[in-house]
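Residue strings, one per chain:
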Amino acid sequence: MVSRVIPVDDFDLVIFGGTGDLARRKILPGLYRRFLSGQMPEASRIIGAARSDMDSAAWRASIRDAIKEFAGANVQDKASIDGFLERLHYVPVDATGKAGWKELKGLMRKDVVSAFYFSVAPSLFGAIAERLKTHGIAGNASRIVVEKPFGRDLETAKDLNATLAEYFDETQIYRIDHYLGKETVQNLMAVRFANILFEPLWNAQYIDHVQITVAETVGVGGRGAYYDKSGAMRDMVQNHLMQLLCLTAMEPPSHFEPDSVRDEKLKVIRALDPVPSDDIVRGQYREGLDGPSYLEDSENPDSRTESFIAMKVKVSNWRWNGVPFYLRTGKRMKARMSEIVISFKEPPHNIFTEADHPRCNILTIRLQPDEGIDLRMTIKEPGPGGMRFVEVPMDMTFADALGAAAADVPDAYERLIMDVIRGNQTLFMRGDEVEAAWAWTDPLIADWTNKGDRPVSYDAGTAGPEDALILMHRDGRRWREISA
């Protein structure tokens, strides 16, 4: 199978925070892989900008090390790395001062696409945006990429959007959520809207419930101070899980183009009911064999921040009336796993004996690990002796189904960055979408904050607190087992 590579125009991509961890781990190795695939025109350039006082040669040397460490063992050809590094330039820039901006402007070209990646703290977004415009570096066709968090509540999100809007039009702003760049997330839309098989069944008449799980085995060590001001709700639910819920629940857009898709996602967020406190479980991991407790990681012995959250969410519209969406995410859990599970209802009438009752069909979209789609079907168990049923998978693991093509699937960051260069905002969040998500999230956080609720403890290396299991059991349902 030969993948079709969509060409891009020549570009200048400036990475503010070019010496930072995200640039070294994700952005630059991802761009190197796009270079190898032929998606980086010969005249295109990548310009690093940061406070560190170094020259281009020193930055190239550091990125060579990053490629060796993070790009993958199968792409370590020296000639290719040398060719990529030739495209790299570096300028020391003071984000909040005057130094470096004149030099950066001198490097920029007017006849190519210009994009600016803000791989820095959100507190610097406004200062950088203002200087790009006042120094004449960014024009009306330039694009900026901003990383989450997009505020920490509705008020700060509105302030951030307003600040960016002073200097850039909404069509120029790309709010990046790497979950939307995952191949399986996009395949969710393909499964729904490119196959007549599922869309007629994608509603309350046929679906019993939906589960969305993002489980991580790592704790918050190394970023405990940040996480203790954020928690699982702000860090994961308000953005990543919200986006997965929207793509699962949204109506078919009129066209597969940015505003049509984002309009439908916004409708889902606005249709979300407030969540009663009884339908929310917050947890905090205890000390385990493989690491310290959350309280130790956060260095706050009285922390009430959740490292785990599970909740039952309802979408109040005709399509989903009565269908609960169960969301779950946590740190230090049994396995690393992200998936969306669509559990269909049982047949309306069972013609078989109670003992031989067939099970409901389950469609699982696996985001990580082992990206793929799995549909559980009930069939007759082979052999004599009557109708005995067995559940079998119709499994499309990308690595098995697509062979070598699956190994060449772009990382989420590299896919999204190339969409920025192409000017395609489909997989990026719009400002009103971000604000609507915070408008739903804020009252939930305020409720448990005002009550002084403490998260319940759970053992590291498990599926989370027992209360999360009860959340499902009281509805006569069960979470899918978390397994690698």
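To keep things clear, this report deals only with the structure shown in the data block.

Scoring rules and cut-offs
- Residues numbered from 1 in each chain as written.
- Predicted model: local features only at pLDDT ≥ 70, side-chain atom pairs only at ≥ 80, totals over all residues.
- Heavy atoms only, no water.
- Core = buried A, V, L, I, M, F, W, Y, C linked by side-chain atoms within 4.5 Å.
- Buried < 20%, exposed > 50% of the residue type's maximum accessible area, 1.4 Å probe, protein only.
- Helix = DSSP H or I, 4+ residues; strand = E, 2+ residues; numbered from the N terminus.
- Contact = heavy atoms within 4.5 Å.
- Expected span 1.5 Å × (residues − 1).
- Salt bridge = Lys/Arg side-chain N within 4 Å of Asp/Glu carboxyl O.
- Axes fitted to C-alpha atoms, helices over the stretch in contact; angles between N-to-C directions.
- Parallel < 35°, antiparallel > 145°, perpendicular 65-115°, else oblique.
- Left-handed = near helix turned anticlockwise from the far one by under 90°.
- Nonpolar A, V, L, I, M, F, W, Y, C, P; charged D, E, K, R; others polar.
- Phe/Tyr/Trp six-rings, centres within 6.5 Å; stacked < 30°, edge-to-face > 60°.
- Lys NZ or Arg CZ within 6 Å of the ring centre and 35° of its normal.

1. Quick word on the nonpolar core
Core analysis: the biggest nonpolar cluster contains 110 residues, and L28, L31, F84, L245, M311, L363 and W440 have the highest contact counts within it. If one sorts the elements of this core by residue count, helix α9 (residues 231-249) sits on top with 11 residues. Every residue in contact with W440, bar those within four places of it in the chain, is listed here: M233, V237, M242, L272, D273, P274, V275, M311 and V313. In this structure, L104, M108, F116 and V120 belong to the second largest nonpolar core, which totals 30 residues.

2. What to know about helix α10 (residues 258-270)
Across its 13 residues, α10 extends 18 Å between first and last C-alpha, which sits within 8% of the 18 Å expected from 1.5 Å per residue. Buried residues of α10: S260, V261, R262, E264, K265, L266, V268 and I269, and no others.

3. Things to note about the environment of A310
Relative to the helices and strands, A310 resides in strand β9 (residues 308-314). Using a relative accessible area of 0% as the deciding quantity, one classes A310 as buried. Taking the C-alpha atoms as reference points, A310 and E287, separated by 23 residues in sequence, lie 20 Å from one another. Aside from chain neighbours lying at most four places away, what touches A310 is D279, I280, V281, L327, R328, A468, L471 and W479.

4. Thoughts on the pattern of salt bridges
Oppositely charged side chains can pair when the atoms bearing their charge come close. Across all of its chains, the model carries 33 salt bridges by this definition. Note that D12 and R45 form a salt bridge whose closest N and O atoms lie 3.1 Å from each other. Residue D12 is found in strand β1 (residues 11-16), and its partner R45 is found in strand β2 (residues 45-50); the two are separated by 33 residues along the sequence. For D12, a relative accessible area of 0% translates into the label buried. Salt-bridge contacts for R286 lead to D459; the nearest nitrogen and oxygen are separated by 2.8 Å.

5. Some details on the packing of α9 against helix α15 (residues 431-451)
One way to put it is that α9 packs onto α15 with a least axis distance of 11 Å and a crossing angle of 140 degrees. As summarised for this structure, α9 and α15 are arranged oblique, according to the angle between their axes. The two elements α9 and α15 meet at a crossing, and its hand is right-handed. Here M233, R234, V237, Q238, M242 and Q243 of α9 lie close against α15, whose contacting residues are E433, V434, A437, W438, W440, T441, L444, I445 and W448. A breakdown of the residues in the contact of α9 with α15 according to their chemical character gives 10 nonpolar, 3 polar and 2 charged.

6. A short note on the packing of aromatic side chains
Applying the stated criterion across every chain yields a total of 14 aromatic pairs. Connected via pairs of aromatic rings, a cluster forms that spans Y227, Y285, Y294, F308 and Y458. The ring of F168 has K133 lying over it, and the distance from NZ or CZ to the ring centre is 4.8 Å. Across from the ring centre of Y179, 5.2 Å away, lies the NZ or CZ of K182, which sits over that ring.

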